[in-house]
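A closer look at the structure
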Amino acid sequence: MHIQPLIPQRLALGECPNWDAATGQLWAMDCRRGHLLRIDPASGQTEQHLLPAPTGSFALNADGRIVIAMKEALGLYDPASRQLHTLAELDEHLPHLRLNDGCALPDGRFLVGSMHLHLEEGEAPKGGIYVLERDGQLARIGPALKTANGPLIHPHNGRLFIADSAAQSIYSFDISSGQAQDQQLFISTQPQQSAPDGCCWDSDGGLWTAMVRTGQLARYDAQGALSQLISLPVAHPSALCFGGPDLADLYVTSISDSGRLRASGPLDGAILRITGLGYRGLAKPQARILIQD
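What counts, and where the lines are drawn
Residues numbered from 1 in each chain as written. Predicted model: local features only at pLDDT ≥ 70, side-chain atom pairs only at ≥ 80, totals over all residues. Heavy atoms only, no water. Phe/Tyr/Trp six-rings, centres within 6.5 Å; stacked < 30°, edge-to-face > 60°. Helix = DSSP H or I, 4+ residues; strand = E, 2+ residues; numbered from the N terminus. Buried < 20%, exposed > 50% of the residue type's maximum accessible area, 1.4 Å probe, protein only. Pairing = 2+ DSSP bridges. Axes fitted to C-alpha atoms, helices over the stretch in contact; angles between N-to-C directions. Core = buried A, V, L, I, M, F, W, Y, C linked by side-chain atoms within 4.5 Å. Contact = heavy atoms within 4.5 Å.

1. A closer look at the packing of aromatic side chains
Applying the stated rule across the entire model yields five aromatic pairs. Centre to centre, the rings of Trp19 and Tyr251 are 5.7 Å apart; their planes meet at 10 degrees, and the pair counts as stacked. A residue pair is termed long-range when its members are at least 10 positions apart, and Trp19 in strand β2 (residues 14–20) and Tyr251 in strand β23 (residues 249–254) qualify at 232 residues. Both residues of the pair, Trp19 and Tyr251, belong to the buried class. Ring-pair connections join several aromatic residues into one group, and the members of that group are Phe161, Phe186 and Trp201.

Laid out in structure tokens, this is it:
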């Protein structure tokens, strides 16, 4: 196994790596700065797009545009024209509430969870789990988590898996009815003394998550047992995805200054590429939001 930085650039709040199999390129986001990056792993060439900061997450859309979750709104961004078209906005506007991590669903919709910081003791978070429909309508389908991260759909049973980093837990929900129901605890990361952040599946059914507090990646098998723990040369890994021609490389974003987490090591904020891991990933779905500008 070999770990190395992909590009020289260091991100403040690196998040949401997405592999574009059609072009062989990696997309990633610096959420604090509102930067969307397209990276050619072969050459290291990087193209940067500026969006309204802070951003939360994104997904590749089938028509070449990008679905963007911003602080309180969702939109479609065209990398060719560099135009952003806002589609929907939250109906709650609070200083410490914002949209956070999201993913494309297999049916082409986009799911995103919220983050509500600086809560008083015993105060319930606002926000929720939201779905952007293919026609651009926004619906709240699930409960508010304090810090929603790493949402993804189980490749076999269709359940939504989503982390609440503040609770140091990953839950699953049944969303087949259109609402997030039957909440179950998949794993607690308290034994690893870290919050889980971004997540991805491998082709053997393992769930990988970034241990944002301890500088590690963890793999859990289908029963929720910890099967692998990898130490990284960064303090705060944030998210990860499989990529490369056969989805055998693992790309990991990290944090140098999120506003709450800070680290100043030589690789903090880097995007890492891990080769020789011995696992292959599953391709992420693309969104299919159909709204035209």
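2. What to know about the sheet that holds β2
With antiparallel pairing, four strands are arranged side by side in an open sheet as β2-β3-β4-β5. On the outer flanks of this sheet lie β2 and β5 (46–50), each paired with one strand and no other. Neighbour-to-neighbour, the strand axes of this sheet turn through a mean angle of 20 degrees, independent of strand direction. Judged from the five bridges that link them, β2 and strand β3 (residues 25–30) form a sheet pairing that is antiparallel. Bridge pairing in β3 places Gly14 opposite Asp30.

3. Points about the sheet that holds strand β18 (residues 196–201)
Spatially, four strands are ordered β18-β19-β20-β21 in an open sheet, and the strand pairing comes out antiparallel. Every other strand in the sheet has two partners, leaving β18 and β21 (226–231) as the edge strands with one partner each. Across the sheet, the mean angle separating the axes of adjacent strands is 20 degrees when strand polarity is ignored. In the sheet, strand β20 (residues 216–220) pairs with β21 via five bridges, with the strands oriented antiparallel. Residue pairing across strands places Arg219 opposite Gln228, the latter belonging to β21.

4. Here's the deal with the pairing of strand β15 (residues 160–164)
One face of the sheet, then the other: side chains in a regular strand alternate in exactly this way. Summarising burial for β15: five of the five residues are buried, a large majority. Summarising the sheet, strand β14 (residues 148–153) and β15 pair through four bridges and their orientation is antiparallel. Across the sheet, residue Ile153 finds its bridge partner in β15, namely Leu160. Between β14 and β15, which pair antiparallel one after the other, the connecting turn spans six residues, and Gly158 there sits at a positive phi close to 75 degrees. Judged from the five bridges that link them, β15 and strand β16 (residues 169–174) form a sheet pairing that is antiparallel.

5. Comments concerning the nonpolar core
Ranked by size, the top nonpolar core spans 29 residues in total, and within it Trp208, Leu217 and Leu250 carry the most contacts. Among the elements of the structure, β3, β4 (35–39), β19 (207–211), β22 (237–243), β23 and β24 (272–275) are those that each provide at least two residues to this core. Beyond its immediate chain neighbours, meaning those up to four positions away, Leu217 contacts Trp208, Thr209, Ala210, Gln228, Leu229, Ile230, Leu232, Pro237, Leu240, Leu250, Val252 and Ile274. Listed in part, the 18 residues of the second largest apolar core include Trp27, Leu51, Met70 and Val212.

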